[in-house]
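Architecture at a glance
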Amino acid sequence: DVKVTQSSRYLVKRTGEKVFLECVQDMDHENMFWYRQDPGLGLRLIYFSYDVKMKEKGDIPEGYSVSREKKERFSLILESASTNQTSMYLCASSRLAEQGETQYFGPGTRLLVL
Amino acid sequence: QQQVKQSPQSLIVQKGGISIINCAYENTAFDYFPWYQQFPGKGPALLIAIRPDVSEKKEGRFTISFNKSAKQFSLHIMDSQPGDSATYFCAAVSSGTYKYIFGTGTRLKVLA
């Protein structure tokens, strides 16, 4: 079974704090993704990585950065948290393949920025 | 052209009934269409997926119907159960990209 784990289920941070969200997958997947999920907006891609140290911006990268130093680990960083970044954050991973592949999601981190 | 339009936004079905959720797309390069099920407080989990070389795929009570010419695909849940109450997302992705395009989700409630 693919397992994607996220470091925290719930986080409460203050405006201006630097926030780290960590994701680990155990299936040797090449691709890893960070999404945020908001009611009525579905899942929106923040960043994805197709290899160690490689990253590409998704649809809403502003205010976020990422780090992938090891294949199994993908971190999302909020440089200076703001209240509009209160959301559910989901990490996912998938194999590298010529055709579209299933993405496997972690349980999510619910972040509240006060 | 990158959008996937999902409907309805919410759905209430009696136990034992059929739940139908529809998705439409425009990008003909999409070649993989998964459906995800998400329970409150959990991450989405793959339910069933289809590639455009088949028109239907069935797994237990869940069926995807795919209409390539109309650029539509739908999820049918037969004999719906209260345990099926969840949010369902359709998605589409094309070869050579890793980017899923998700629908906005359908909140299904199955009444006991």
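Position numbers for residues count from 1 along each chain, tracking the sequence in the order it is written. Both sets of labels track the order of writing: A upward for chains, 1 upward for ligands. Totals for whole chains, interfaces and linings use every residue, but because this is a predicted model, local features are given only for residues with pLDDT of at least 70 and side-chain atom pairs only at 80 or more, for both listing and counting. In computing side-chain properties, one takes all heavy atoms of the structure into account and sets aside hydrogens as well as water.

What follows concerns the environment of B:Tyr32. Numbering of helices and strands runs from the N terminus; a helix is a DSSP stretch of H or I covering at least four residues, while a strand is a stretch of E covering at least two. Residue placement: B:Tyr32 occurs in strand S4 (residues 30-38). Buried means the residue's accessible area, taken with a 1.4 Å probe over protein chains only, is under 20% of the maximum for its type, while exposed means over 50%, and partly exposed covers the values in between. A relative accessible area of 7% means that B:Tyr32 is categorised as buried. Put simply, B:Tyr32 and B:Ala92 are 60 residues apart on the chain and 5.7 Å apart in space, counted from C-alpha to C-alpha. A polar side-chain atom of B:Tyr32 sits 2.6 Å from a polar atom in the side chain of A:Thr102. In protein, a polar contact means a hydrogen-donor-capable atom and an acceptor-capable atom, both N or O and within 3.5 Å, with residues adjacent in sequence counting only if both atoms are side-chain atoms; elsewhere, any N or O pair within 3.5 Å suffices.

Okay, the pattern of salt bridges next. Residues and elements named next belong to chain A. In the sections that follow, a salt bridge refers to a side-chain nitrogen of Lys or Arg positioned within 4 Å of a carboxyl oxygen of Asp or Glu. Under the criterion given, the structure shown has ten salt bridges over all chains. Here Asp 28 ties to Lys 71 by a salt bridge, and the two come within 3.1 Å at their closest N and O atoms. Of the two residues, Asp 28 sits in the loop between strand S3 (19-25) and strand S4 (31-38) while Lys 71 sits in the loop between strand S7 (64-70) and strand S8 (73-78), which places them 43 residues apart along the sequence. With relative accessibility at 52%, the residue Asp 28 sits in the exposed group.

To continue, consider the state of the cysteines. Pairs of cysteine sulfur atoms within 2.5 Å are identified as disulfides in what follows. One pass over the full model with this rule turns up two disulfides over all chains. One disulfide bridge connects A:Cys23 with A:Cys91, the sulfur atoms lying 1.9 Å from each other. Between A:Cys23 and A:Cys91 the disulfide shows an S-S torsion of about -75 degrees. By sign, it is left-handed. Of this pair, A:Cys23 sits in strand S3 while A:Cys91 sits in strand S9 (residues 87-94), and the two are 68 residues apart along the sequence. When its relative accessible area of 0% is taken as the criterion, A:Cys91 is described as buried. Sulfur-sulfur distance for the disulfide between B:Cys23 and B:Cys90 comes to 1.9 Å.

The next subject is the interface of chain A and chain B. By definition in these notes, contact holds between two residues if any of their heavy atoms fall within 4.5 Å. Taken together, the contacts link 24 residues of chain A with 20 residues of chain B. Two parts lose some accessible area (1.4 Å probe) when they are put together, and adding that loss for both gives the buried area. Carbon and sulfur atoms make up 55% of the surface buried where chain A meets chain B, a total of about 1,800 Å² over both sides. Where chain A touches chain B, the interface holds one salt bridge. The partner of B:Lys99 in a salt bridge is A:Asp59, and the shortest N-O contact between them spans 2.6 Å. On inspection of chain A and its partner chain B, the count reaches seven residue pairs in polar contact (both at pLDDT 80 or more). Looking at the side of chain A that touches chain B, the elements with two or more residues in it are S4, strand S5 (42-51) and S9 of chain A. A per-element tally of the side of chain A that touches chain B places S5(A) first, with five residues. Looking at the side of chain A that touches chain B, its residues break down into eleven nonpolar, nine polar and four charged. Any residue that is not Ala, Val, Leu, Ile, Met, Phe, Trp, Tyr, Cys, Pro, Asp, Glu, Lys or Arg is counted as polar, Gly included; the first ten are nonpolar and the last four charged.

This brings us to the environment of B:Phe66. All names here are of chain B. Note on placement: Phe 66 falls in strand S7 (residues 62-67). Assessed through its relative accessible area of 8%, Phe 66 is described here as buried. Distance in space between the C-alpha atoms of Phe 66 and Glu 56 is 5.9 Å, their sequence separation being ten residues. For Phe 66, the residues in contact, after removing those within four places along its chain, are Tyr 25, Phe 33, Ile 50, Pro 52, Val 54, Ser 55, Gln 72 and Phe 73.

Turning our eyes to something else, we now look at unusual backbone geometry. The peptide bond linking B:Ser7 to B:Pro8 adopts the cis configuration, its omega dihedral lying at -5 degrees. Tracing the backbone through its elements, the reader meets B:Pro8 in the loop between strand S1 (4-7) and strand S2 (10-14). Phi at A:Asp28 takes a positive value of approximately 60 degrees, unusual for a residue other than glycine. Phi angles above zero are rare outside glycine, and B:Asp79 is one such case at about 45 degrees. Classification of B:Asp79 as partly exposed rests on a relative accessible area of 40%.

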